[in-house]
Amino acid sequence: MAESSSGGGNAGLAFIVGGLVVVVAVLAWFLLGRGGAPETKNVDVDVKLPEVSAPAVPSSQ
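This section reports on the structure supplied with the text. This is a predicted model, so every value here is computed, not measured. (Residues numbered from 1 in each chain as written. Predicted model: local features only at pLDDT ≥ 70, side-chain atom pairs only at ≥ 80, totals over all residues. Heavy atoms only, no water.)

## Let's talk about the overall build of the protein chain
When helices and strands are counted, the protein chain shows one helix and zero strands. Split into buried and exposed, the 61 residues of the protein chain put 0% on the buried side. For the protein chain, the exposed area adds up to about 6600 Å²; of that, 63% sits on carbon and sulfur atoms. (Helix = DSSP H or I, 4+ residues; strand = E, 2+ residues; numbered from the N terminus. Buried < 20%, exposed > 50% of the residue type's maximum accessible area, 1.4 Å probe, protein only. Areas by Shrake-Rupley, 256 points an atom, 1.4 Å probe, with all protein chains shown as cover.)

## Some points on the packing of aromatic side chains
Under the defined criterion, the tally for this structure stands at one aromatic pair. Aromatic side chains Trp 29 and Phe 30 sit 5.1 Å apart centroid to centroid with 70° between the ring planes, which places their arrangement in the edge-to-face category. (Phe/Tyr/Trp six-rings, centres within 6.5 Å; stacked < 30°, edge-to-face > 60°.)

## Considering helix H1 (residues 11-32)
Since there are 3.6 residues in each turn of an α-helix, residues three or four apart along the chain are aligned in direction. For H1, with 22 residues, the first-to-last C-alpha span of 31 Å sits near the 32 Å given by 1.5 Å per residue. Of all 22 residues in H1, zero are buried, a share of ten percent or less. (Expected span 1.5 Å × (residues − 1).)

## Quick notes on a nonpolar patch on the surface
On the surface, a cluster of nonpolar side chains totalling about 860 Å² of accessible area is made up of Val 22, Val 23, Val 26, Leu 27, Trp 29, Phe 30, Leu 31 and Leu 32. You can see Trp 29 is positioned in helix H1. Its relative accessible area of 57% is what places Trp 29 among the exposed residues. (Patch = residues over 30% accessible without salt bridge, like charges linked within 9 Å, V, L, I, M, F, W, Y side chains within 5 Å. Salt bridge = Lys/Arg side-chain N within 4 Å of Asp/Glu carboxyl O.)

Pasting the structure below:
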């Protein structure tokens, strides 16, 4: 009588699924574990330009 072993063929599949779980966990840690949204910065820009006057228009007489 031949002995049959069941369940031995799934070891490779379990190794692959375990590796995928680890990869997803590492990606989630990089994307979500850094504190979520980036820190907002308050940028206040003040542009001061010199006042420029138009040249005088010659009058027609």
